[in-house]
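# Structural features, examined
Next come the chains, spelled out residue by residue.
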Amino acid sequence: MNDGKPRILVLGGGFAGMFAAKELARRVKGLAEIELINEVNYFVFQPLLPEVAAGSISTRDAVSPLRQLLRGARVRQAHVHDVDLERRVVTLFQGQQRRFTEVSYDHLVLALGQSSDLSRVPGLAEHALPMKTLADAHRLRNHVIDKLEHADITLLPEVKGQLLTFAVIGAGFSGVEVVGEMRDLIHRSLSFYPNIDPKQIRILLFEFAGDILGELPPSLRSYAAKHLEKQGIEVMTKTAIAEASGTEIVTSSGEVIGTRTVVATVGNAPSPLVAKLPLPKLGGKVKTERSLRVEGFETLWSLGDAAAIPLVENASERQDFAPPTAQFAVREARALANNIAATLQGKPPAPFQYKSKGALASLGGQRGVAQVYGISLKGWIAWVLWRAYYHGFVPGFGTRVRIAMNWFLDDVLHRSTVQSGMAKGSSMAYRRYRAGDRVFEAGNRTDGFYIVVEGRFERRMKDPESGDVRVEEILPGGDFGQAVLMGEVLRIGTVRALEDSRVLVVQAEDFRTLVKAMPVLRDHFGLTDSKTKDDQ
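What counts, and at which threshold
Residues numbered from 1 in each chain as written. Predicted model: local features only at pLDDT ≥ 70, side-chain atom pairs only at ≥ 80, totals over all residues. Heavy atoms only, no water. Pairing = 2+ DSSP bridges. Helix = DSSP H or I, 4+ residues; strand = E, 2+ residues; numbered from the N terminus. Axes fitted to C-alpha atoms, helices over the stretch in contact; angles between N-to-C directions. Buried < 20%, exposed > 50% of the residue type's maximum accessible area, 1.4 Å probe, protein only. Arc of directions from axis to C-beta. 1 Å grid on protein atoms, 1.4 Å probe; cavity = no way out; pocket = protein on both sides within 12 Å on 5 of 7 lines; lining within 4 Å. Points joined across faces, edges and corners; volume = space filled by probe spheres on them. Nonpolar A, V, L, I, M, F, W, Y, C, P; charged D, E, K, R; others polar. pLDDT = per-residue confidence, 0-100. Contact = heavy atoms within 4.5 Å.

Picture the strands of a sheet paired through backbone hydrogen bonds; they go either parallel or antiparallel. The strand order β6-β7-β8 describes an open sheet built from three strands, whose pairing is antiparallel. A strand with exactly one partner marks an edge of an open sheet, and here the two such strands are β6 (79-84) and β8 (99-104). On average, adjacent strands in this sheet sit at an angle of 25° to one another, irrespective of strand direction. Inspection of the sheet shows strand β7 (residues 89-94) paired to β8 by six bridges, in the antiparallel sense. Bridging across to β8, V89 finds its partner in S104.

See the structure below:
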């Protein structure tokens, strides 16, 4: 710790984590050292992801650098592997070598959000496109354009029908905004595809509940559904997806629909780290007191999508807990900062109190719905309000200016159909090492399986019991990196090149998947199914 000051670690750089670090830096300035740890060095403004996917704003304008936003806090880009709650230590993998690093804390804030789990529906995890991250939005845009390109040239009617059928699962705010923006992208691009008739386009929105946008009043839900249907979107309520493949989906009623595009805005699950921590949980979320302090812990706090935060005493119903929205996350961050500051000063924390000011949704086609301070709005005025609200919410003056310019240009110019970043890197790559180069050392995070093509390598492994060091030479045709096969997280040996050498590296996750699928490989390496787990 610096100058004996307590250290506050914030895990996660989304709405909850970024605003928590920002408020802490302002509220406890001089009292503590603030550090935010995140996988990437930028903050994603998630409400704008559907517009990124549709191409109405550029990718860079939905993100802001964390270091620029958090002037009074330290930012560390690293993968959080585990938390030792007794020692108050967070273990990380950081840097190019993915070095194992421990960082101690006095107060820890869990703001890791949620991940996607589509495994309950056969085929959905393999074929559905999620909408959680900036990469997801980018991938969806490229995917839709790719289907239009293919549909324009195919001579097979069945294939063309599958290519021009687009399905979105989940009709909450995210699903409705995604389907509306996707519809705009498709129809505004058709002038460039002369062999596609607009009547051949089929867009479907599936919702298991009886209505879409369930958090809004019935009048707004009804307007939203009618507007989407007027735009040519088929709204299918009380319908779930039973299974999926690369060319079709099967609904809960047994209907088989040919499609090569399935977008899933459902399937929320706790982050892997939160899931494995021994903490009190409710529905996979960390249970907190009303003060945002985790139940049973004095120096552990949680907020945002990762937390189940009661708004009333003895909360039991869904409405008794804070909803997972940006509006609430920002207010939770402010309350958390005040409570940690109070704790540092020996004062009791206060209960979190906040009442939603309303909700807004964009429906595409320059229409929206909104309920603000109890007043219901719909149509163009609601869409303008939606844009104005989120435009003012975006952090950074420069970003707001660029977004406004993007919106203006999008209204007067054609939508771009350029595909970018479509090429996917191979899971295998050759690497060259000079004599004396270290490939990796014991304690690094596993990154892949190495096959020697040319040259010689030396591996040193220390026996954990006797302390003896075993040294062996690896020649062409040999391999190293067995920790990957065993599902280990850390390298257990150090490898360096004895002469100028070349290896083929297969990425860890891809190699484990291959070994699981091929019994001959498991037999070759002398492994059982229990030894090919996917621990990360």
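Each α-helix turn comprises 3.6 residues. Residues three or four places apart therefore point the same way. All of the buried residues in helix α14 (residues 508-517) are A508, F511, R512 and V515. The buried residues of α14 occupy one face: seen down the axis, they fall within an arc of 100°. For α14, the exposed residues lying more than 90 degrees away from the buried face are E509 and A517.

Take the layout of surface pockets next. Considering only enclosed or pocket space, the second largest pocket measures out at about 340 Å³ in volume. G55, I57, S58, R141 and S416 are the residues nearest the centre of the second largest pocket, which is lined by 18 residues in total. Mapped by element, the contributors of at least two residues to the lining of the second largest pocket are α5 (134-153) and α12 (397-412). When its residues are assigned to classes, the lining of the second largest pocket shows six nonpolar, nine polar and three charged.

What follows covers the confidence of the model for the chain. Scored by pLDDT, the chain has a mean of 90; 95% of the residues are at 70 or more. Below pLDDT 50 for its whole length, residues 532-536 participates in 17 contacts with residues either more than four positions away or in separate chains.

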